[in-house]
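Analysis of the macromolecular model
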Amino acid sequence: MTTSRRAPKPQAAPPARAERQLDPFQIVDSSFVAGAGSLASLPPPVSAEVAFAGRSNVGKSSLINTLVERKGLVRTSSNPGSTRQINLYEARARDGAVFQLVDLPGYGFTRRSKSEQAAWASLIEGYLRGRVTLAAVLLLVDARRGLEEDDLELIRFIEASRDVARRPVELLLVATKVDKVQRSSVRRALDQLSAAAPRAPAARGGLRRAIGFSSITGEGRRDLWLAIRRVTQLGGAAPSSSGGAAREDDDQRTTDG
């Protein structure tokens, strides 16, 4: 007499590799919200905002695109000083966290008239001093050039605005274009940038640590997002990786690089 073998019990298929590696911090959606050429035309403040500031050719547009993993959300321009308004964007992470990103007009470009430069300065200063939902300013500095007088003036202005009746605004230093610095010199460039910046109040740590960033290699993207999450109180454990493909969008606005 022969006995029949029992068929093996089917096992559930293991989760797909991509599903196991999903990054909860990955930006899954981003969009342009509004552009404001005057303080009166700014949209109503809703939630914590992170502003990006820096000289006209420091690479703000490329940095924001790299942060949200979206190649064309913010259009870059070969003409420094092309941005004449404050542009607001929104980014949503896979874990549900929503971030308000504010691209400020670049400063330090001298090919505009003095009246235009004064108007830009007034717009930037009015936003920095009066926006009640402003949580942090990311000051972008070219890693090869270090802090210049315009950058130092902005730091002093932000520190002097702390008596405004709102949440304290944190300042983060970001050294852009570190891919253009020799690898052996990057740490020294970051240390020099931190040392040259005016100290933060002792209660907030004193020395400002500079974060190195490259829009070409993506270096520093994870560290910068963790810093943004901290200052907006949308923190969390560090992700294991930062995946995601960049995608184009027709709803774009032109800003300086």
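Just above, that's the structure.
Residues numbered from 1 in each chain as written. Predicted model: local features only at pLDDT ≥ 70, side-chain atom pairs only at ≥ 80, totals over all residues. Heavy atoms only, no water.

1. Side note on the pattern of salt bridges
To be explicit about the condition: Salt bridges are defined by distance alone: a side-chain nitrogen of Lys or Arg within 4 Å of a carboxyl oxygen of Asp or Glu. Helical segments are the DSSP runs of H or I of at least four residues, strand segments are the runs of E of at least two, and each set is numbered from the N terminus. Accessible area is worked out with a 1.4 Å probe on protein chains only. A residue is then buried under 20% of its type maximum, exposed over 50%, and partly exposed in between.
Applying the stated criterion to the full structure yields 13 salt bridges. One salt bridge connects Arg131 with Glu49, and the closest N-O pair in it is separated by 2.9 Å. Of this pair, Arg131 sits in the loop between α3 (114–130) and β6 (134–142) while Glu49 sits in strand β2 (residues 49–54); the two residues are 82 residues apart in sequence, bridging distant segments of the chain. The two residues Arg131 and Glu49 agree in class, both being buried.

2. Quick notes on helix α6 (residues 221–231)
Along α6, the residues classified as buried are Arg221, Leu224, Trp225, Ala227, Ile228, Arg229 and Val231. Phi turns positive one or two residues past the end of α6, at Gln233, with a value near 60°.

3. A short note on helix α4 (residues 149–160)
The cut-off we apply is this: An expected span of 1.5 Å times one less than the residue number is assigned to each helix.
Taking 1.5 Å per residue as the helical rise, α4 with its 12 residues ought to reach 16 Å, and the 16 Å between its terminal C-alpha atoms agrees with that figure. Buried within α4 are the following residues: Asp151, Leu152, Leu154, Ile155, Phe157 and Ile158.

4. Concerning the packing of aromatic side chains
Rules: Geometry of aromatic contacts follows a simple scheme: Phe, Tyr and Trp rings, the Trp one being its six-membered ring, pair when their centres are within 6.5 Å, and the pair is stacked under 30 degrees between planes, edge-to-face over 60, tilted otherwise.
On inspection of all chains with the given rule, the structure shows two aromatic pairs. Ring geometry for Phe32 and Tyr89: centres 5.5 Å apart, planes at 70°, overall edge-to-face. A residue pair is termed long-range when its members are at least 10 positions apart, and Phe32 in strand β1 (residues 27–36) and Tyr89 in strand β4 (residues 86–93) qualify at 57 residues. Summarising the burial analysis for this pair, Phe32 and Tyr89 share the class buried.

5. What about the environment of Arg209?
As a reminder, the rule being used: What makes two residues a contact is simply this: any of their non-hydrogen atoms within 4.5 Å.
In this structure, Arg209 sits in the loop between α5 (183–196) and β8 (210–212). Among the residues examined, Arg209 registers a relative accessible area of 58% and is labelled exposed. Along the primary structure Arg209 and Asp191 are separated by 18 residues, whereas in three dimensions their C-alpha atoms are 7.7 Å apart. Apart from residues lying up to four places away in sequence, Arg209 is in contact with Leu173 and Ser194.

6. Quick notes on the sheet that holds β2
How we decide: Here a strand pair is declared whenever DSSP counts at least two bridges between the two strands. Lines fitted to C-alpha atoms define the axes, with helix axes restricted to the stretch in contact, and inter-axis angles between N-to-C directions lie between 0 and 180 degrees.
As summarised here, the arrangement of the seven strands in space is β1-β4-β5-β2-β6-β7-β8, forming an open sheet in which the pairing is mixed. With partners counted over all chains shown, the strands left at the sheet margins are β1 and β8, one partner each. Averaged over neighbouring strand pairs, the angle between their axes works out to 25° when direction is ignored. Bridge count between β2 and β6: six bridges; the pairing is parallel. Bridge pairing in β6 places Glu49 opposite Leu134. On the sheet, α5 packs against β6, β7 (170–176) and β8 and is oriented at approximately 150° with respect to β8. Along the sheet, α6 contacts β1, β2, β4, β5 (98–103), β6, β7 and β8; its crossing angle with β7, the most-contacted strand, is approximately 170°.

Interpretation in functional terms is not warranted from these geometric data alone.
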